[in-house]
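Commentary on secondary and tertiary structure
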Amino acid sequence: MDITNVLSVPLKDIKLQGSNVRSDLDSPNSQENLQELAQNIKVNGLLQPIVLRGEYGKPPYDVIVGQRRFLAHQVLEAESIKATFSGEIDNMNALLLSLSENMCRQEMNYEDTQRAITTLYKHYENDERKVQAHTGFSIRMIRSYVRIEEQATEKIKDLLKKGLSMADAKRAIDAAQGDKEKADALIDEIMKLTTYEKKRLVESSNKNPKASVPDLVKEAKKPKWEETIILNLPTEISNAVKKATEKLLIDAEQLAMDVLVNWLKTNDFLLEANG
Amino acid sequence: MDNNKVNEATARILLSTKRKSRQYSLYEIASDILFLKNELDGINNVSNLIGITTGMLNQFLSVLKLPTKILELIKQRKIESVSIAHTLSKFNDKDAIQLAHLVLKEGLTSQELRIILPFRRKNLNEPINNIVKRVLDSKNIKVSVIRISESNLKCKSSELEERVIKLIGKENLLAIVSSNSNIDLKITAGGEKIIREAAKGQQLSFQDFINKIIN
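Residues numbered from 1 in each chain as written. Chains lettered and ligands numbered in written order. Predicted model: local features only at pLDDT ≥ 70, side-chain atom pairs only at ≥ 80, totals over all residues.

**A closer look at the sheet that holds strand β1 (residues 7-10) of chain A**
Residue and element names in this part refer to chain A. Test applied: Strands qualify as paired when DSSP identifies two bridges or more between them. Secondary structure is summarised from DSSP: a helix means a run of H or I of at least four residues, a strand means a run of E of at least two, and numbering begins at the N terminus for each. Comment: axis = line fitted to C-alpha atoms, over the contacting stretch for helices; angle = value between 0 and 180 degrees taken between N-to-C directions.
Across the sheet, which stays open at both edges, the four strands sit in the order β1-β4-β2-β3 with mixed pairing between neighbours. Only two strands of the sheet have a single partner each, and these edge strands are β1 and β3 (62-65). Averaged over all pairs of adjacent strands, the angle between their axes in this sheet comes to 60°, without regard to strand direction. In the sheet, strand β2 (residues 50-53) pairs with β3 via three bridges, with the strands oriented antiparallel. Within β3, the position partnered with Leu52 by the bridge is Val63.

**Regarding the pairing of strand β1 (residues 141-149) of chain B**
With seven bridges joining them, strand β5 (residues 225-231) of chain A and β1 of chain B adopt parallel strand pairing. Across the sheet, the residue bridging to Glu226 of chain A is Lys142 of chain B, located in β1 of chain B. Relative to strand β3 (residues 182-188) of chain B, β1 of chain B runs antiparallel, the two being bridged by seven bridges. Each residue of the ladder has a partner; that of Ile148 of chain B, found in β3 of chain B, is Ile183 of chain B.

**So, the interface of chain A and chain B**
A common way to state how big an interface is: give the accessible area lost once the parts meet. The condition is simple: Contact criterion: two residues are in contact if their C-beta atoms, reconstructed from the backbone, are within 7 Å. Polar here means any residue other than Ala, Val, Leu, Ile, Met, Phe, Trp, Tyr, Cys and Pro, which are nonpolar, and Asp, Glu, Lys and Arg, which are charged; Gly is therefore polar.
Contact with chain A, which involves 19 residues of that partner, is made by 21 residues of chain B. The set of elements that each furnish at least two residues to the side of chain A that touches chain B consists of α10 (195-207), β5 and α12 (235-248) of chain A. No other element matches β5 of chain A, which puts seven residues into the side of chain A that touches chain B. Taken together, the residues of the side of chain A that touches chain B sort by class into nine nonpolar, six polar and four charged.

**Some remarks on unusual backbone geometry**
Our working rule: Once C-beta atoms are placed from the backbone, each residue is buried if 20 or more other C-beta atoms lie within 10 Å of its own, exposed if 12 or fewer, and partly exposed for counts between those two.
At the junction of Pro59 of chain A and Pro60 of chain A, the peptide bond is cis and its omega measures out at 0° in the coordinates. Checked against the element boundaries, Pro60 of chain A lands in the loop between β2 and β3. Not every positive phi belongs to a glycine, and Arg77 of chain B is a case in point at roughly 65°. On the secondary structure map, Arg77 of chain B appears in the loop between α5 (68-75) and α6 (82-88). With 13 C-beta atoms packed within 10 Å, Arg77 of chain B lands in the partly exposed category. Phi at Ser181 of chain B is positive, roughly 65°, even though this residue is not glycine. Here Ser181 of chain B lies in the loop between β2 (173-179) and β3.

**Topic: the confidence of the model for chain B**
The line we're drawing: You can read pLDDT as the predictor saying how much it trusts each residue, on a scale of 0 to 100.
With 98% of its residues at a pLDDT of 70 or more, chain B has an overall mean of 91. The ipTM for the predicted assembly is 0.78, set against a pTM of 0.69.

**Some words on helix α9 (residues 180-190) of chain A**
Residue and element names in this part refer to chain A. Threshold: Here, the arc refers to the directions that run from the helix axis to the C-beta atoms.
Among all positions in α9, only Lys182, Ala183, Leu186, Ile187 and Ile190 are buried. Along α9, the residues classed as buried sweep out an arc of 135° about the axis, all on the same side. Packed against the buried residues of α9 are α7 (154-161), α8 (166-176), α10 and α11 (213-220).

**Describing the nonpolar core**
Stated formally: In plain words, the nonpolar core is the set of buried Ala, Val, Leu, Ile, Met, Phe, Trp, Tyr and Cys residues that C-beta atoms within 7 Å link up. Throughout, the edges of the domains are those of an automatic or database domain assignment.
Among the nonpolar cores identified, the biggest contains 33 residues, and Leu26, Ile33, Phe60, Val63, Ala85 and Leu88 of chain B are the most heavily contacted of them. Breaking this core down by element, the ones donating at least two residues are α1 (3-16), α2 (26-39), α4 (54-61), α5, α6, α7 (93-106), α8 (110-122) and α9 (128-137) of chain B. The element best represented in this core is α2 of chain B, accounting for six residues. Here this core spans two domains, since at least three of its residues come from each of domain 1 (1-65) and domain 2 (68-139) of chain B. Residues contacting Val63 of chain B, with those up to four places away along its chain left out, are Leu26, Tyr27, Ala30, Ile74 and Ala85 of chain B. Counting residues in hydrophobic clusters, the runner-up holds 24 residues, among them Val9, Val65, Leu99 and Leu120 of chain A.

Here it is in structure tokens:
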């Protein structure tokens, strides 16, 4: 593959056939960005050629890298575009090329990222580290995408495409404890809750997996008391602590820790570490 | 490229990125970062020069998107947290101004702002004050429990309640619970603060002050 040889390719010979990882080009935001990019290309020209799949002279060619630049040329009604050729490569390599380019640039939407990660995950036989090496995503993030793909209901997957956060999807899956109907009912409620309430909902479902959705929501809406216990010491003990800390030049917390450790060892609750 | 100006801007940023030792306001730092971004052809080069991630630099830059009223507060150094400024920049101007005042008056934290943001986006027709109230009311309540051994209590329980209410106010006393030979005084975090300040005022330790109350 020689991608240093830049050629001028007629736009009519290029057909989008899905080698590019991006599918979010119809959103209003993307349309706006596309107009901006077209304007920029009009003023400054195309600074970086696009990468096409196939061999020069054998159209139609598919766009692997530079789909937005290609569409911007269409907006400008240009006749040709500067491009290089990848040669004949398989779908996986085309996806990797497209992915490595897009991951570094404008943030991809959920659907595209999900598709890319799960495709790579299957290709690399569930090896998260290889997916990480190609995408730059953390292992934790990769696991989240894979888990959602495997466990989310169709309704949740659909909502994710419309902007539901991955965190909320995971909460519904966690709280439903494998019950898909419950997951669908939960996701409607979760979207109406504050983050504090969402956390409590998942906690309640862990404590009581069989609780109904209305009960879980009711519990979630009740703020909990987070208690910090302050022990009051009688005056004589308080004075004795003061005396000890002054004499030993340590603070009261350290003294309390030493006393606790000693007591636990003396009563055989804590074994001394060897060597 | 004006090397002197680049060096000056770099020095100012390096002197001011840590909040506690910051010499310049967030506005000045953000302006310097923008200047360097333009001079050095991109945020990646600024990141390499200063050693701060592009994500953090972009957070500083978001200060420049804030409405004028908030920029004034930033210039006066009333708002110093880049995290707060960055989160405010994600709200519309009207909301951001109201929230900035709540940051100053009510001590709204950056974490609370981050939680308000997605909730606001789902409830665009609600007044922002209702949104803030709804979010804050849903927070867990931090309770300080002062555990007193019943044998140490030298006054009646009702008397103790009166003394505590007089000191911290009824709203800060959540409950008095008796169990396992202990009396638990459950008070709000604000109530604990009042007791600590009262103890300090009498030059007593917290423990000694509590002993004084229960005797």
